[in-house]
Amino acid sequence: MTTLRNLPSVEQILRTEVAAQLIARFGRSLTLDAIRFVLDETRARFKSGGITVLLSIDLILAQTESTLTAWTQPTLTPVINASGVILHTNLGRAPLSKSAIHAMDLVSRGYSTLEYDLDKGQRGSRSIHAESLLQKLTGAESAFIVNNNAAAVLLVLSALANKKRVVISRSQLVEIGGGFRVPDVMKQSGAKLAEVGTTNKVHISDYEEALIEATGLVMHAHRSNFKLVGFTEEPELNEIVAAAHGFGVPVVDDLGSGALYDTAKYGLAHEATVQESMQAGVDIVCFSGDKLLGGPQAGIIIGKADLIAKIKKHPLARAVRADKTCLAGLSATLLHYLKDEAEREVPILKMMSLTLKQVRGRAEAWAAELGHGLALSNVEVSVVEGESTVGGGSLPGESMPTFLLSLEVKSAEKFLRGLRKNNPPVIARTENDKVLLDPRTVLPEQEGALLVGLKNVLNY
Ligand SMILES: *Cc1c(COP(=O)(O)O)cnc(C)c1O
C-alpha cells in the first residue's frame with residue numbers, strides 16, 4: 001500500500017545529480033525551499049485524495065525545477081506595444097533614445113561624478129547635472145530633479161506653501177490617476193486649499209478677490225486627462241500671474257506632460273509648452289520626464305533661483321531625489337532638444353512624426369508577411385484605417401490617424417491572450433471582435449519578434 005512514508009526524503013533528493021545541478025543554478029537555500037515546497041504540496045494532495053500514487057524522485061525533481069523557474073522568473077520584462085497608445089503608463093511610458101540608454105548604462109556600470117567635483121577634487125552636487133541644459137532650453141534660473149512629477153508637486157507645495165493658503169481654480173482640482181488628486185496632495189503638503197470660481201467658469205476677478213486674504217501660492221494645474229468643453233471660461237495664465245504678482249504671491253504651474261515643442265506640429269491639439277509657461281511669468285513649473293518629453297521617469301522642477309533653493313533645502317527633497325541613472329538619461333534626452341535633433345532621436349517623437357504613408361507601409365508589410373500560409377487558417381488579414389493616441393495623461397481626446405493591421409479571428413480575446421504569452425509579450429487591442437495592431441508604437445527593432453509572435457498564435 002502506498003503511504004506517505006514512501007515519499008522520498010529531502011536528504012535522498014539532495015543526493016541526486018539533478019539536485020546538485022539545481023543547486024548550482026539556483027543556489028542551495030532556494031533549492032531546498034523548493035524541494036520542501038514540492039514535498040509539502042505532494043503530501044497535501046495525497047491526503048486530500050488529489051493523487052493516489054506518490055510521486056517518484058524524478059517527478060519531484062522535475063516539479064522542483066519548474067517551481068524554481070517560476071520563483072526566479074522576472075516580473076518586469078519588455079513587451080511589444082502594438083496598442084497604438086504612445087505613452088502607455090501601464091507599459092512604462094516613454095521608450096528612451098539610444099544616447100539616453102547608453103548614458104544610463106555607463107553610469108550604472110561603475111562610479112561616476114554624481115556628487116563629485118572633478119576640478120576641486122571634492123564633494124560636488126547632484127543637482128547640477130541636468131540644470132544647465134534646462135536653463136538653456138527654458139530660460140529658467142534654476143532647476144531640481146526628483147523621482148517623478150507627483151513627488152515634484154508634493155515637494156513644491158510642502159516647501160513653499162506649508163500652513164499657507166494656496167489659491168487654485170475649482171476647474172483644476174483634478175485627479176491625475178493612481179489616486180493622485182490635487183486637493184489631497186495639497187492637504188498632504190500642509191497647504192490650505194482656497195478654491196476659486198466654479199467648475200466651468202473662472203474669472204480673473206475670482207483670483208483677485210481670493211488674493212486679498214494672505215496667500216502663500218497660486219497654483220495652476222494642467223487638466224491632463226480630460227477636456228472641459230461647452231460653457232467654459234478661464235483666464236490666461238499670464239493674467240493669473242499678473243494678478244498673483246500684484247499681491248506679491250508666486251505662481252506654480254503643474255504642467256503634467258511638459259512638452260518642449262508644439263504638439264500641433266503632429267496634427268494634435270496644442271499642449272501648453274514649458275517655454276510658454278515660463279514666458280507667462282510663472283515662478284515654478286513642474287512636469288514629468290517620461291511623458292511628452294520622452295525621457296526617463298523624473299519630476300522636473302524649474303523656475304526662480306530663490307524658490308528652487310528653498311525647495312532643495314526641504315527635508316522631503318532628499319526623500320524624493322532622482323538617482324544617477326535618471327539624471328544621466330534625462331540629461332541625454334534634454335541634449336537632443338538642445339541640439340535640435342529630438343525628432344530624429346527621441347522614440348516618442350519619431351512615433352508622432354511618422355507619416356501616414358510610413359505607417360501604412362509597415363502595416364502592409366506585416367499583412368504581406370502573414371499572407372503566406374493564410375490558406376491554412378481561417379483568418380482574415382487586412383490593413384484598416386484607425387487612430388493612435390498619445391496617452392499618459394497627455395492630450396485627452398486627441399488622436400492621430402494611423403493604419404492598423406486587422407485580424408479577423410474566431411475569438412479575439414483568445415488571440416490577445418495568445419499574443420500576451422509570446423516572448424516578448426505582444427500587447428494589442430480589439431475592436432468589433434477584430435484584433436488590431438498599430439505599427440506606430442512598435443519599435444522597428446521589435447518587428448521581427450512581433451511577426452514571429454503573430455505567426456505562433458496563428459499556428460503557421
Ligand atoms: C502625470 C501628471 C502628474 C504626475 O506625474 P508623474 O510623473 O506620473 O508622477 C502630476 N500632475 C499632472 C498635471 C500630470 O499630468
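A brief look at the structure comes next. (Residues numbered from 1 in each chain as written. Predicted model: local features only at pLDDT ≥ 70, side-chain atom pairs only at ≥ 80, totals over all residues. Heavy atoms only, no water.)

### Side note on the packing of aromatic side chains
Under the counting rule described, the total for this entry stands at three aromatic pairs. Relative to Tyr 337, the ring of Tyr 261 lies with its centre 6.2 Å away and its plane at 5°, an arrangement referred to as stacked. Of this pair, Tyr 261 sits in the loop between strand S10 (251-256) and helix H11 (274-279) while Tyr 337 sits in helix H14 (residues 324-338), and the two are 76 residues apart along the sequence. The pair formed by Tyr 261 and Tyr 337 is uniform in burial state, with each residue classed as buried. One aromatic cluster in this structure is built from Tyr 261, Tyr 266 and Tyr 337. Sitting over the ring of Phe 231, Lys 201 keeps its end group 4.0 Å from the ring centre. (Phe/Tyr/Trp six-rings, centres within 6.5 Å; stacked < 30°, edge-to-face > 60°. Helix = DSSP H or I, 4+ residues; strand = E, 2+ residues; numbered from the N terminus. Buried < 20%, exposed > 50% of the residue type's maximum accessible area, 1.4 Å probe, protein only. Lys NZ or Arg CZ within 6 Å of the ring centre and 35° of its normal.)

### A few points about the packing of helix H2 (residues 17-26) against helix H4 (residues 57-72)
Where H2 contacts H4, the two axes come as close as 10 Å, and the packing angle between them is 5°. In terms of orientation, H2 and H4 fall into the roughly parallel class. From H2, Val 18, Ala 19, Leu 22, Arg 25 and Phe 26 reach across to H4, where they touch Leu 61, Thr 64, Glu 65, Leu 68, Thr 69 and Thr 72. (Axes fitted to C-alpha atoms, helices over the stretch in contact; angles between N-to-C directions. Parallel < 35°, antiparallel > 145°, perpendicular 65-115°, else oblique. Contact = heavy atoms within 4.5 Å.)

### A closer look at the pattern of salt bridges
What the rule picks out here adds up to 23 salt bridges. When the shortest N-O distance is used, the salt bridge between Glu 115 and Arg 321 registers 3.7 Å. Residue Glu 115 is found in the loop between helix H5 (98-109) and strand S2 (116-117), and its partner Arg 321 is found in the loop between helix H13 (315-319) and H14; the two are separated by 206 residues along the sequence. Two residues, Asp 117 and Lys 120, come together in a salt bridge whose shortest N-O distance is 3.8 Å. Its relative accessible area of 23% is what places Asp 117 among the partly exposed residues. (Salt bridge = Lys/Arg side-chain N within 4 Å of Asp/Glu carboxyl O.)

### Observations regarding the pairing of strand S17 (residues 434-437)
Taken together, the four bridges between strand S14 (residues 399-408) and S17 define a ladder with antiparallel strand orientation. Opposite Glu 408, over in S17, you have Lys 434 as the bridge partner. Counting the residues between successive antiparallel strands, the hairpin from strand S16 (residues 429-431) to S17 contains two residues, one of them, Asn 432, with a positive phi of roughly 50°. (Pairing = 2+ DSSP bridges.)

### Section: the packing of helix H6 (residues 131-138) against H14
Contact geometry for H6 and H14: axes closest at 10 Å, N-to-C directions at 30°. The pairing of H6 with H14 is recorded here as roughly parallel in orientation. When you trace H6 past H14, the crossing you get is left-handed. Residues Leu 133, Leu 134, Lys 136 and Leu 137 of H6 touch H14, and the partners they reach there are Ser 331, Leu 334, Leu 335, Tyr 337 and Leu 338. Of the residues contributing to the contact of H6 with H14, the split by class is seven nonpolar, one polar and one charged. (Left-handed = near helix turned anticlockwise from the far one by under 90°. Nonpolar A, V, L, I, M, F, W, Y, C, P; charged D, E, K, R; others polar.)

### With respect to the side chain of Thr 138
Checked against the element boundaries, Thr 138 lands in helix H6. Looking at Thr 138, the relative accessible area reads 9%, which means it is buried. Polar side-chain contacts of Thr 138 include one of 2.7 Å to the backbone oxygen of Leu 134. A polar side-chain atom of Thr 138 sits 3.2 Å from the main-chain amide nitrogen of Ala 140. Setting aside anything within four residues of it in sequence, one finds Thr 138 in contact with Leu 260, Val 274, Met 278 and Ile 302. (Polar contact = N/O pair within 3.5 Å; in protein donor to acceptor, adjacent residues only side chain to side chain.)

### Some words on unusual backbone geometry
The omega torsion of the bond from Asn 423 to Pro 424 falls at -5°, within 30 degrees of zero and hence cis. Backbone geometry at Arg 93 places phi at a positive 55°, although glycine is not the residue there. The class for Arg 93 is partly exposed, based on a relative accessible area of 23%. Positive phi outside glycine occurs at Lys 163, with the angle close to 65°. Structurally, the position occupied by Lys 163 is in the loop between helix H7 (149-161) and strand S5 (165-169). Taking the relative accessible area as the measure of exposure, Lys 163 reaches 63% and is therefore exposed.

### Structural notes on the sheet that holds strand S4 (residues 142-146)
Strand order in the open sheet formed by seven strands is S4-S12-S11-S10-S9-S5-S8, with mixed pairing between adjacent strands. The sheet is open, and its two edges are formed by S4 and strand S8 (192-196), each paired on a single side. Within the sheet, the average angular offset between the axes of one strand and its neighbour, ignoring direction, is 20°. In the sheet, S10 pairs with strand S11 (residues 284-288) via four bridges, with the strands oriented parallel. By the bridge assignment for S11, Val 252 is matched with Ile 284.

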